[in-house]
Amino acid sequence: MTGFPVGGGAMGALVRAYDWAATPLGPPEAWPQSLRTAVGMVLGSKFPACIVWGQQLVTIHNDAFRPILGAKPEALGRPFNEVWSEAWQDLEPIAERALAGEATFIEDFPLIVERSGHPSEAFFTFCYSPVRDETGGVAGFLNTVVETTGKVLAERRQGFLLQLEERLRGLADPHEITLAAAEALGRQVKAARAGYGEIDAAGEIVSVDRDWTDGTVASLAGKARLLDGFGPAVIAELLAGRTLVVEDCLTDPRAAGDAYAATWASIGTRSLVVVPLLKAGRLVAILYVHEPRPRRWSTAEISLTEDTAHRTWAAVERARAETALRDSEERLRFLDSLGSATAHASAPREVMAMTASLLGAHLGVTRCAYADVQADNDRFTIRDDWTDGASSSAGEYTLDIFGSRAAADMRAGRTLVVRNVDEELPAEDGGGMFNAIGIKAIVCCPLVKEGRLVAMMAVHESEPRSWTPGEIGLLETVVERAWAHIERVRAEAALRESEERFRLMADAVPHIVWITDAEGRVEFFNEQWFSYTGTAHESTTASDVAVSFVHPDDAAPTMERFEEARRTGGPFLVEHRIRSKDGDYRWFLVRGEPQRDPYTGKILRWFGASVDIHDRKRAEATLREREERLRLIVEGARDYAIFTTDPEGRIDTWLPGATNVFGWSPEEAIGQPVAITFTPEDRERGEDEKERETARREGTAPNVRWHLRKDGARVFIEGSATALRRPDGGIRGFLKIGQDVTARRAAEEARALLAREVDHRAKNALTVVQTMLRLTRASDVPSFVRAVEGRVAALARAQTLLAEGRWSGASLHAMLRGELAPFLTGQRVELDGRPVVLPPGTAQPLAMAVHELATNAAKHGALSMSGGRVSVSWRVESGAGAKLRLRWVETGGPPVAGPPSRRGFGSRVLEGTVRGQLGGTVSLTWETAGLVCTMEVPLGRRPASGKEAGPHTPATR
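Residues numbered from 1 in each chain as written. Predicted model: local features only at pLDDT ≥ 70, side-chain atom pairs only at ≥ 80, totals over all residues. Heavy atoms only, no water.

The name an unreviewed UniProt entry assigns to the chain is histidine kinase, from the organism Belnapia mucosa. For the chain, the Catalytic activity (unreviewed entry) comment in UniProt is given as "ATP + protein L-histidine = ADP + protein N-phospho-L-histidine." (UniProt positions renumbered as here; feature names shortened; annotations may be inferred.)

A. How the structure looks around the packing of helix 6 (residues 149-169) against helix 10 (residues 299-342). At a minimum axis distance of 11 Å, the contact between helix 6 and helix 10 shows a crossing angle of 20 degrees. When the axis of helix 6 is compared with that of helix 10, the two are roughly parallel. Crossing hand, helix 6 versus helix 10: right-handed. Of the residues in helix 10, those touching helix 6 at Leu153, Arg157, Phe160, Leu161, Leu164, Glu165, Leu168 and Arg169 are Ala300, Ser303, Leu304, Asp307, Thr308, Arg311, Thr312, Ala315 and Arg318. A breakdown of the residues in the contact of helix 6 with helix 10 according to their chemical character gives 8 nonpolar, 3 polar and 6 charged. (Axes fitted to C-alpha atoms, helices over the stretch in contact; angles between N-to-C directions. Helix = DSSP H or I, 4+ residues; strand = E, 2+ residues; numbered from the N terminus. Parallel < 35°, antiparallel > 145°, perpendicular 65-115°, else oblique. Left-handed = near helix turned anticlockwise from the far one by under 90°. Contact = heavy atoms within 4.5 Å. Nonpolar A, V, L, I, M, F, W, Y, C, P; charged D, E, K, R; others polar.)

B. Spatial organisation of the pairing of strand 25 (residues 700-708). By the bridge criterion, 9 bridges tie strand 25 to strand 26 (residues 714-725) in an arrangement that is antiparallel. Bridging across to strand 26, Leu708 finds its partner in Arg714. Where strand 25 hands over to strand 26, the hairpin turn is made up of 5 residues, of which Gly712 adopts a positive phi near 95 degrees. (Pairing = 2+ DSSP bridges.)

C. Molecular detail of the environment of Val246. Considering the arrangement of structural elements, one finds Val246 in strand 9 (residues 244-246). The class of Val246 is buried, set by a relative accessible area of 0%. Separated by 12 residues in the primary sequence, Val246 and Val234 have C-alpha atoms spaced 9.7 Å apart. Setting aside chain neighbours within four positions, we find Val246 in contact with Asp252, Arg254, Ser271, Leu272 and Trp297. (Buried < 20%, exposed > 50% of the residue type's maximum accessible area, 1.4 Å probe, protein only.)

D. Geometry of the packing of aromatic side chains. Taken as a whole and assessed by the stated rule, the structure comprises 26 aromatic pairs. Seen from their ring centres, Phe80 and Tyr128 are 6.3 Å apart, and the 80 degrees between their planes marks the pair as edge-to-face. Pair noted here: Phe80 is in helix 4 (residues 80-83) and Tyr128 is in strand 4 (residues 118-132), with a separation of 48 residues, a long-range link. Between the aromatic rings of Phe126 and Tyr128, the centroid separation amounts to 5.0 Å while the plane-to-plane angle is 35 degrees, which identifies the pairing as tilted. A residue is classified by how much of its surface remains accessible, and Phe126, at 4% relative accessible area, is buried. For Tyr128, a relative accessible area of 1% gives the class buried. Positioned above the aromatic ring of Phe4, the side-chain terminus of Arg36 is 3.8 Å from the ring centre. The residue whose ring lies beneath Arg745 is Phe716, and the NZ or CZ to ring-centre distance is 4.2 Å. (Phe/Tyr/Trp six-rings, centres within 6.5 Å; stacked < 30°, edge-to-face > 60°. Lys NZ or Arg CZ within 6 Å of the ring centre and 35° of its normal.)

What follows is the structure, given as structure tokens:
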């Protein structure tokens, strides 16, 4: 019959297209009606169902049955026992009962079925109902089925978790919790090993305290391993919070590789599930299940492991919290008893002895010791320790002999926790030393203050011991409290010592020392107060003291100052007179400083001292009187320049006499270098610095020299510079005192000059006279006398001119007129030239030369005749040296036949005076009209006959 079956969805189409003729059922047209009816019913049903027909158990199923088959090959037309071959051992008896005519209903029947190429446990609820043919016999059966794997696994999982929670709820020890959870999970998923590992704070080491195994693999309990050994990919999964599922460590790319194979081999693992547990983003623990062979982990197993991990974590945290609470309560009780026991201890060593005894007994350890660490951060001393009967560890040690780990932890301020010395510390790196003093387990807590290791406290155990966090925390707390208690004891002792030292010091001070509270109530007086006033030791106040002991004139100002200091918070400072026990009043300088609360700034009390200044006040009054007298004397000394300088020579005081002498006002002088008072040539020679250096070396330096005034004039000072020294001998400046002796100096110089000039002129005149006498020739004595008298008269006239000019020089015009006047008897003389002042040394020799020319003219030349004339002209030529050029011309006298046949006396006098004395030149020309004489005389040259005294003045005006 074509078109059969009708409908049936995808499976209906497959049935219609199937080659049934090749099967034991034959073509559909030959099928019995019972089969056709059953097939149509199955294909039209939405419930998973199939028909199993005939002795060959040919299978025909609907669309809803296909998910039941999973990944199996197509079941249509195949024998039912082949389709379910992996479970046929369990299904065959049920099928036989159905074919025998017995309907069966089975709920949650477990079967191992092939899915995704792997055998998996599945659960089904199904009914096998017999189907009869037209003869009434059972020709097959109807299989209606639903898979309940998910429901069953969920119920199992829920039941497991409920049982797990119930079991864990009764446990208080975190280690027992992790062991119970590992065992339950391992058995549930049929793993070889299950365990719980904790990660250290650095995230580098995983430690397993306890685990469960089925006996086929070794336990990992008590082991610690580096996470790096499992490879970066594995660690990355865990750090990301993802469950790590590995079916085979040797093929999974995250775990495979020679570098990590040794790690897997060392723990006997080929397959695993690891659930990471993160807290605040940090990996803190893992729950794992291991298999020594490759294994395919089901989703349910993975999910169950994850749920177990989180419940275990919660139980561990709960237990730790409860343990911490119990430990905290127990710790508080212990600390309270420890505080009570040590409250009255007055010495640090006593505090530590009691602390070690109580802590050691409380923790039940072998030994409890406390050590002081020396400043080198290495050597330490255990002075006393408590033991349960074991030998004492007291003595001196160094950190380094206990190994690098212990030394590093102590210096870094980390608590050292060693549970098993032999397993954790190499013998050559600390383990040997710990064993030598009987230590197998230790907790040592360092005390670091201001970056330095100052003390350590440790508990020792003679056998390995798993220290709990509570025990470690208790030791750390006790160490801090013990240190605080020791610091308090030390502070109290120091305070008592300080108070005693203060009292002794205050009583030893030769001043009155006092303390009041903020309002002025006296808290302390030293013995000086009672000795001076004779009063008894009794309470008093500042106002009482002012009324009873301070001079009546000073009492009110004293209290005003005190109240002002209290109001402003500034120092209390006053001078007043206090009455002694003898009734006398003496002056005291009183100063008080406020002590403030460091947090509020409020004044707590006043600390002060009263210093006897009576003798100083009297000395000051005497000194003021003396200073006033000295001031009047100094200010009255108008011709004395008195001032001071700093060590570098800068003027810092300038008294009125200095202003009078030098001309600078104090405002102008102060701050200027003292060199301003020195002449330029003395400044150039560094005389001011030499003067200070001499004063530094010898204490004082003479200052007798010309100085400079503000107006540029020079003033002669006689005085000294004296070094002013500090108490330590250092130079603090210089005192300069000098008297203006310019007038006296000028008078002395004038007298000296006059004496030198008279001496010089006398010698010069005698020289000239000697020369004149030596050169004078005459035929007889009267002639010789006349000649000498004339020449001496010429010298006298020149001398008179010089005297009239105070020996500063002589007028050339006056000298010529004076020398020519005696020879004129009507003759004419012409003088032509600008005014010239002859130097003293030039005037006399030149007068002699002119006298000789006039004498010769009177005898033989122009002046011998009434119509004769003498013309004298001159000029001064400047240049490298000023020269006087003088020309003598005679006319109107007897005609001149030529030069004389022999050289006469006049010519020799001219040569001797002009050339010899004046260093000039002379030229004589005998013209027919008369003699012409030309002379050149240097005006700046001293005469060769002797030194010219006195200043030289220019020859031209």
